[in-house]
Amino acid sequence: MMNDIIADALTRIRNAALRKLDVATLLHSRTVVGVLNVLQQKEYITGFKVIDGQNNKKTIQVELKYDDNEKSVINEITRVSKPGRRVYKNASEIKSFKNGYGTIIVSTNKGVIANDEAYAAKVGGEVLCTVW
């Protein structure tokens, strides 16, 4: 049994980017889809699609994005809030990350959104991960 499906998804993306793979396969959950929506919106990944598998188990195929030098666009992707230690921040604390070059992905009552959207909407929440 897996306790933290978000950490597993981030690790699979990180490992696939280190191996310079075009596609990473993740386990499906609504929170992971929310995180991938933010990554696609911020252009860290090219796209993703949900695939129905056997025995009603879904997976997600993520297309990774690389620059002209075949280096991954994602320099670092880190899980912040963990099952043993949840991290919550209010809107003023998640204003920027890495001087605006990075993104904080936050789970709020308005869904999984990026830090700039959360700051504009004046909502805080659980800090899922950081990307730059």
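About the thresholds
For every chain, the first residue of its written sequence is number 1, and the numbers climb from 1 along that sequence. The predicted nature of this model means local features are confined to residues of pLDDT at least 70 and side-chain atom pairs, given and counted, to a pLDDT of 80 or more, with totals for whole chains, interfaces and linings taken over all residues. The side-chain quantities take in all heavy atoms of the structure and omit both hydrogens and water. Think of a 1 Å grid over just the protein atoms. A cavity is a set of points where a 1.4 Å probe fits yet cannot get out, a pocket is an open set with protein on both sides within 12 Å along at least five of seven lines, and lining residues have an atom within 4 Å of a point. Grid points are joined across faces, edges and corners, and a volume is the space filled by probe spheres set on the points. A run of DSSP states H or I qualifies as a helix once it reaches four residues; a run of E qualifies as a strand once it reaches two. Both are numbered from the N-terminal end. Residues are grouped as follows: nonpolar covers Ala, Val, Leu, Ile, Met, Phe, Trp, Tyr, Cys and Pro; charged covers Asp, Glu, Lys and Arg; every other residue, Gly included, is treated as polar. To obtain an axis, a line is fitted to C-alpha atoms, over the contacting stretch when the element is a helix, and the angle between two such axes runs from 0 to 180 degrees between their N-to-C directions. Should an angle fall under 35 degrees it is taken as roughly parallel, and over 145 as roughly antiparallel, whereas 65 to 115 is taken as roughly perpendicular and any remaining angle as oblique. Helix crossings fall into two classes, left-handed where the near helix is turned counterclockwise from the far one by less than a right angle and right-handed where it is turned clockwise. The contact criterion used throughout is that any non-hydrogen atoms of two residues lie within 4.5 Å.

Trainee: I keep staring at the layout of surface pockets and nothing clicks. Help me out?
Mentor: A probe as big as a water molecule, rolled over the atoms, marks out the empty space that is left. The volume enclosed by the largest pocket comes to roughly 180 Å³. Residue lining of the largest pocket: Arg14, Ala17, Leu18, Lys20, Tyr66, Glu70, Lys71, Ser72, Ile74, Asn75, Glu76 and Ile77, and that is the complete set. The element that contributes the greatest number of residues to the lining of the largest pocket is helix H1 (residues 5-18), accounting for three residues. Along the lines of polarity and charge, the residues of the lining of the largest pocket split into five nonpolar, two polar and five charged.

Trainee: Explain empty space enclosed by the protein to me, please; I cannot follow it from the model alone.
Mentor: Inspection of every chain in the model, using the stated rule, returns one cavity of 30 Å³ or more. In terms of lining residues, the largest cavity is bounded by Ile6, Ala9, Leu10, Ile13, Val32, Val35 and Leu36. Of all the secondary-structure elements, those providing two or more residues to the lining of the largest cavity are H1 and helix H2 (30-41). Looking at which element gives the most residues to the lining of the largest cavity, the answer is H1, with four residues. Of the residues that constitute the lining of the largest cavity, the class distribution is seven nonpolar, no polar and no charged.

Trainee: Sorry, what's going on with the packing of H1 against H2 here?
Mentor: Any two packed helices are characterised by the angle at which their axes cross and by the distance between the axes. In the contact formed by H1 and H2, the axes pass within 9 Å of each other and the chain directions differ by 40°. Comparing their axes, H2 and H1 come out oblique. The crossing of H1 and H2 is right-handed. Contacts from Ile5, Ile6, Ala9 and Ile13 of H1 reach H2 at Thr31, Val32, Leu36 and Leu39.

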